[in-house]
Amino acid sequence: QVQLAESGGGLVHAGGSLRLSCAASGTIVSFNTMAWYRQAPGKQRELVAEIITSGNANYADSVKGRFTISRTDAKNTVNLQMNSLKPEDTAVYYCSSRIFGTTLWGQGTQVTVSS
């Protein structure tokens, strides 16, 4: 069964850090574009960061300089290091894997940042 499993979410105070991890199973994601999205209550899901096979990454303006996406293809994983967290970063964070127009989603992990 092909699936993505996120981990690492939790509750943190503003200014703190969290590291999210996403592990793919049942498939190899070396050639896929991997990304993290988030969805806050009452808002649409938005792209946080994505990383392509070359390792080049793109970030939402709201997280530039604070978040870092990385991938370890040998382990079929992608991570999101989140520093200087703000209350507005509170959301469910989803991992995605995209190739040839097909996107696979994880179940999401909750990140809550208290002020």
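The notes below deal with the structure included here. These figures come from a predicted structure and were not determined experimentally.

Looking now at the environment of Q110. Considering the arrangement of structural elements, one finds Q110 in strand β11 (residues 109-114). Along the chain, Q110 and K75 lie 35 residues apart, while their C-alpha atoms are 23 Å from each other.

Turning to the pattern of salt bridges, a few remarks are in order. Any two side chains of opposite charge can pair, so long as their charged atoms come close to each other. Applying the stated rule across the entire model yields six salt bridges. Residue E46 pairs with R38 through a salt bridge whose shortest N-O separation is 2.7 Å. For E46, a relative accessible area of 35% translates into the label partly exposed. Of the residues examined, R38 reaches a relative accessible area of 5% and is grouped as buried.

Reading the values: rules and limits
- Residues numbered from 1 in each chain as written.
- Predicted model: local features only at pLDDT ≥ 70, side-chain atom pairs only at ≥ 80, totals over all residues.
- Heavy atoms only, no water.
- Helix = DSSP H or I, 4+ residues; strand = E, 2+ residues; numbered from the N terminus.
- Salt bridge = Lys/Arg side-chain N within 4 Å of Asp/Glu carboxyl O.
- Buried < 20%, exposed > 50% of the residue type's maximum accessible area, 1.4 Å probe, protein only.

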